[in-house]
Amino acid sequence: MKPAKNSRGEAPEYLTHSQKYRLDLKGWLTIPNVLEDDLVKEIKEYCEDVKAGEFKRNMFDSDAILYLSEHPVIMGILNELVSAQNCASDDAYGYRLENSFCIYREKTNTSSFKPHGGSGYYAADNRGHRYSCTPAEEFYHNFCQEADFSGFQGRLNTGLTRIVFEFNPVAYGTGTRFISGSHKAALNKSDEVADHDSDIWDSYECDPGSLILFTEAITHSGSQWKSDFPRIAVFNCYNTIDKKFHLSGPTEEQYERMTTLQKSLFREVWNHSFQGDFGGYLGPNDRISDSGHFAV
Ligand SMILES: [Fe+2]
C-alpha cells in the first residue's frame, strides 16, 4: 500500500487480523503502549503548555504532534481503513487529517458525558459519520455456495475516524466510552444510553502512550474523570480525501513548515482534477487557487 514510507523513512505497521476482527465487531479498538516514553513526555509537556481553555483545535505547531499522524501504526491503520489508495502515492497520503486537539480534563462531575453518534452502517453517503464493510470468503461459503469468492479477504472502512492518544494513565470508564456494536445498530437507542452508570457502556484502562481507535459512526461519549491528575489526550480525526466534516486546518505558516507528505494530509477535497488522470495529486500546490485562504 502507498505510501510505503513516512516523512522519516519509516514503514507502516498494519493491524493484525485479530485487531481488525475486534474493530469490525465493536467499532473501537485499543492498542497499548504504542508511543515511546520520550515522545509521551514531549507531547505531554506541550499539552500542559497550551492548556489555556479546555482544549485547542489546532496543534500543528508541534512536530511531535504532527508525527502522531505519520507514526507507523497510524499509517498502517489509515492506509488500510480510510485511504483512497488510487489517490495515494509515495509523495501523498490517501487520507486527510481533519483536526487535532488536546483534551486537558481535571476531576469533574459527569458534565463531559455527552453521548452522540451511532448506526453509521446505515448512514447515507452524504454523511461523514459512516461505517462500511464488505464480507470475506467465509461469508460467501456459508450463504452463497454457488459463487466463487475464494481468497476474498473482506474490507473495513471506518469513515470519519478518530484516533486518541492518552498521555496519563486512564482508569477504566474514565476516558472515552463506547456502546460496542452501535455503529451497526438498527433500532432506536434505549433509555439506558442516557445513564452514565449503565453497563451498556464499554470503556478501557490504559497506560500513557496507548491509542484508542474508533469510527465516529459509533455511539460514544466523554466520561467523568476521577483521578487526581488530569486526563491529557490528543484527539486526531481523519477522513477520506473526498469528504470533509470539520471546518479546521493549519494556518498558512504552519502549512509551509511541513514536509510534502505532511502537506498531503491537508489536501483539498477532490478526487478528479480535470487536468490529469483520475486520482491525481497536485503536490503542495493542491489548493483551490482562487480561494486565497485556509480554513482555520
Ligand atoms: Fe465524537
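Treat the numbers as computed from the prediction; the structure is a model and nothing was measured.

Asks: Describe the overall build of the protein chain, with residues and values.
Replies: A count of helices and strands for the protein chain gives seven helices and 10 strands. Relative to its length of 296 residues, the protein chain is compact, with a C-alpha radius of gyration of 19 Å against a globular reference of 19 Å. Classification of the 296 residues of the protein chain by burial places 37% in the buried group. Taking as baseline every contact in the protein chain between residues at least 6 positions apart, the subset at least 24 positions apart corresponds to 82%.

Asks: Could you give an account of the environment of L187, with specific residues and numbers?
Replies: Mapped onto the secondary structure, L187 falls in the loop between β7 (177-178) and β8 (211-215). On the basis of neighbour counts, which here come to 6 C-beta atoms within 10 Å, the residue L187 falls in the exposed class. Put simply, L187 and W28 are 159 residues apart on the chain and 20 Å apart in space, counted from C-alpha to C-alpha.

Asks: Describe helix α4 (residues 72-81), naming the residues involved and giving the relevant values.
Replies: Listed as buried for α4 are I74, M75, I77, L78, N79 and L81. Against α3 (63-68), β3 (95-105), β5 (155-157), β6 (161-166), β8 and β10 (231-240) lie the buried residues of α4.

Asks: Kindly report on unusual backbone geometry, identifying the contributing residues and their values.
Replies: In this model, K2 is joined to P3 through a cis peptide bond whose omega is -10°. Mapping P3 onto the fold places it in the segment before α1 (17-26). For S119, which is not glycine, the phi dihedral falls at a positive 60°. Here S119 shows up in the loop between β3 and β4 (132-134).

Asks: Provide a residue-level description of the nonpolar core, including the pertinent values.
Replies: Of all hydrophobic cores here, the largest spans 55 residues; its most connected members are I65, L78, F165, L213 and V234. For this core, the secondary structure elements donating two or more residues are β1 (28-31), α2 (37-49), α3, α4, β3, β6, β8 and β10. In this structure F165 touches L35, L68, L211, A233 and V234, once residues within four positions along its chain are discounted.

Asks: Outline the environment of E13, supporting the account with residue identities and numerical values.
Replies: If you trace the backbone, E13 turns up in the segment before α1. For the pair formed by E13 and T219, sequence separation is 206 residues and the distance between their alpha carbons is 28 Å. Every residue in contact with E13, bar those within four places of it in the chain, is listed here: P72, V73 and G76.

Asks: I'd love a proper account of the pairing of β6, names of residues and values included.
Replies: Side chains on a regular strand alternate between the two faces of the sheet. Burial runs high along β6: six of the six residues are buried. Bridge count between β6 and β8: five bridges; the pairing is antiparallel. Residue pairing for β8: R162 is matched across the bridge by F214. Across six bridges, the pairing between β6 and β10 is antiparallel. Residue pairing in the sheet places V164 in a bridge with F235 of β10.

Asks: With reference to specific residues and values, describe α1.
Replies: Regarding α1, the residues found buried are K20, L23 and D24. End-on view of α1: buried residues confined to an arc of 95°, all on one side of the axis. Of the surrounding elements, those touching the buried residues of α1 are β1, β4, β5 and β8.

Asks: Just give me the short version of the environment of P284, but keep the residues and values in it.
Replies: Inspection of the secondary structure assignment puts P284 in the segment after α7 (260-264). In this structure P284 touches T260 and K263, once residues within four positions along its chain are discounted.

Rules of the game
- Residues numbered from 1 in each chain as written.
- Predicted model: local features only at pLDDT ≥ 70, side-chain atom pairs only at ≥ 80, totals over all residues.
- Helix = DSSP H or I, 4+ residues; strand = E, 2+ residues; numbered from the N terminus.
- Rg over C-alpha atoms; globule rule 2.2 N^0.38 Å.
- Buried ≥ 20, exposed ≤ 12 C-beta atoms within 10 Å, placed from the backbone.
- Contact = placed C-beta atoms within 7 Å.
- Core = buried A, V, L, I, M, F, W, Y, C linked by C-beta atoms within 7 Å.
- Pairing = 2+ DSSP bridges.
- Arc of directions from axis to C-beta.

Structural measurements only, silent on function.
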